[in-house]
Each structure stands twice: as C-alpha cells, then as structure tokens.
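# Fold and contact review
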Amino acid sequence: MTQIEESGPAKGPGGPRAGGVPVIERMAAFRSRWPSGDGVAVFNRVYLAAVETAERDRGRGGSGDREAATALEVRCAERYLSAVEAATAGGRVPECWRPLVRYRGHPGVRPVQFALSGLQAHVAHDLVLAVVDTCRTLGCAPADLEGQFERVGDLLVSLEERVREDLTPGPELLVVADPLTHLLSCWHLEQAREAAWTAARTLWELRGFPSLAAEFRQRTDAGAGLVSRLLLTPCR
C-alpha cells in the first residue's frame, strides 16, 4: 500500500455514512469542552453552524442527491475532526493545524484570525486529502468529483462569509491603520480553493510514486501550516 493510500482515516467497507449527522454530532460534542474564546472553539463554532445550515438545505432534496452531495464533504470534515481529536488526546497533529492548537489562547490574536487560520488549514490540507480519499473509495479520478468539489466550495464560501460577518470588528474598531485590516485582506478563499484542487489532482497522479507522493503530501501540510501561522500574527 502506498503512502497516498494510507493517508485517510480508517473507514468501514462502505466509507462514511451518507448525511452529515455523525459529523455534526462530533462537532457539537466539542462545544462544551472549551471556553468560547478558545481559538479552536471559535473555528468549530462557525464550522458547525455552516454544516448545520447545509444539512438543513440538503434535507429538502432526494436521498440520492444527499448522498452525492455529502461524500466529499464528510471526508473533509472528518479530517478536521481527526486533527482536533488528536490534539485533545495529546497525539500528533498535522502541521497545518498546529499553529491554531498552539496559539488557541493567545490574548493578542482576535477571533476572526482563529477562524481564518482554521479555514486555511482545512482548505489547503484537509480538502486536498479528502479528494484523494474519496477517489480511492469510489474508484474514480478527481475530474469525476469536480461537481462535489464545487458543492464543498459552496459550503466553504458560506463558512467564510459567516466568519467575516460575525467575527470581523466593525468599522468603528477596525481602522485603516489596524494591522488586522491588512492581514485579513491577504488571504482569499477562492485562491486557496484553486490551489487545493491543483494539489489534489497532483497528489492523485503521484499515487504510483510512493516516495514522491509522501514528500508532496508533507510539503502541502507544511505550506498550509505556514500560512495558518501567519494568519495568527498578534494584532493587538
């Protein structure tokens, strides 16, 4: 088995269960574990709200539509949940999530920074590996998942909108000279999504070259972590 095949969390023969309820329950379970100002709690709260909204909207369609729409979404969420559960248990956390875990209580970092740092790690690393996980499970290529990738992108857009609307300080607090103004303008979800899609396709093509796949995966993780750390630069 190659490194790329070992990259995903262990699953049963049928893969993740259709529907987002198990994911929602696991996210909801974390709410009572951390204080509201904890950096991981901030990201978990907005992510949970976005997933709950998506689940309600999906419930209006047929079961076939729900299953197709959630396959990649669940894989992606499970990547995040596995990282958080590892951190909670004192285990090894992917590099992309280490900055948020390490600086989750920093008094100079604002809530919107915590949320965007988590979103960066989730898009630049978790989404990449989730595409590969799903391709391996379904026996398809990334091109076959492009529609699902776009649906996950819609969820991420709603998540980013929630982050910026709910957590960004108002105009009376966020002035032009505030370093946070410049920091928030340096990260763009659309660019991160495009890079994630390219990285997923590249990693899939490297599946026959285990050592290169492992190196590319590690570089992707480290690169995502670097940007996540920069987003946590103290701004007060």
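The structure this text deals with has already been given above.
So, a few notes on the structure that sits alongside this text. Since we're looking at a predicted model, the values are computed, not measured.

## Focus: the pattern of salt bridges
One pass over the structure, following the stated rule, counts 7 salt bridges. Here Arg-79 makes a salt bridge to Asp-133, at a shortest N to O gap of 3.0 Å. One end of the pair, Arg-79, is in helix α3 (residues 63–88); the other, Asp-133, is in helix α5 (residues 111–138), and 54 residues separate them in sequence. The same class applies to Arg-79 as to Asp-133, namely buried.

## Topic: the nonpolar core
Within the largest apolar cluster, 71 residues are counted, with the highest numbers of intra-cluster contacts made by Met-27, Tyr-80, Trp-97 and Leu-159. Looking at this core, the elements that each hand over two or more residues are α1 (21–30), α2 (39–58), α3, α5, α6 (146–167), α7 (179–185), α8 (189–205) and α9 (210–230). When residues in this core are grouped by element, the largest group, 15 residues, is from α5. Leave out the neighbours within four places in its chain, and Met-27 touches Asn-44, Tyr-47, Leu-48, Val-51, Ala-77, Tyr-80 and Leu-81.

## Quick look at the packing of aromatic side chains
Inspection of the entire model under this criterion finds 7 aromatic pairs. Between Phe-43 and Tyr-47 the ring centres are 5.4 Å apart and the planes differ by 45°, which places this aromatic pair in the tilted class. Pair noted here: Phe-43 and Tyr-47 are both in helix α2, with a separation of 4 residues, about one helical turn. Relative accessible area serves as the criterion here: at 0%, Phe-43 is assigned to the buried category. Judged by relative accessible area, which is 2%, Tyr-47 ranks as buried. Considering the side-chain rings of Tyr-80 and Trp-97, the 5.3 Å spacing of their centres and the 50° angle between planes classify their relative orientation as tilted. Taken as a pair, Tyr-80 in helix α3 and Trp-97 in the loop between α3 and α4 (98–102) lie far apart in primary sequence, 17 residues in all. As far as burial versus exposure is concerned, Tyr-80 and Trp-97 are alike and both buried. Among the aromatic residues, those joined into a ring-pair cluster are Phe-43, Tyr-47, Tyr-80 and Trp-97. For Arg-104, the ring lying beneath its charged end belongs to Trp-34, and the centroid distance is 5.2 Å.

The rules we used
Residues numbered from 1 in each chain as written. Predicted model: local features only at pLDDT ≥ 70, side-chain atom pairs only at ≥ 80, totals over all residues. Heavy atoms only, no water. Salt bridge = Lys/Arg side-chain N within 4 Å of Asp/Glu carboxyl O. Helix = DSSP H or I, 4+ residues; strand = E, 2+ residues; numbered from the N terminus. Buried < 20%, exposed > 50% of the residue type's maximum accessible area, 1.4 Å probe, protein only. Core = buried A, V, L, I, M, F, W, Y, C linked by side-chain atoms within 4.5 Å. Contact = heavy atoms within 4.5 Å. Phe/Tyr/Trp six-rings, centres within 6.5 Å; stacked < 30°, edge-to-face > 60°. Lys NZ or Arg CZ within 6 Å of the ring centre and 35° of its normal.

These results come straight from atomic positions and should not be treated as a statement about function.
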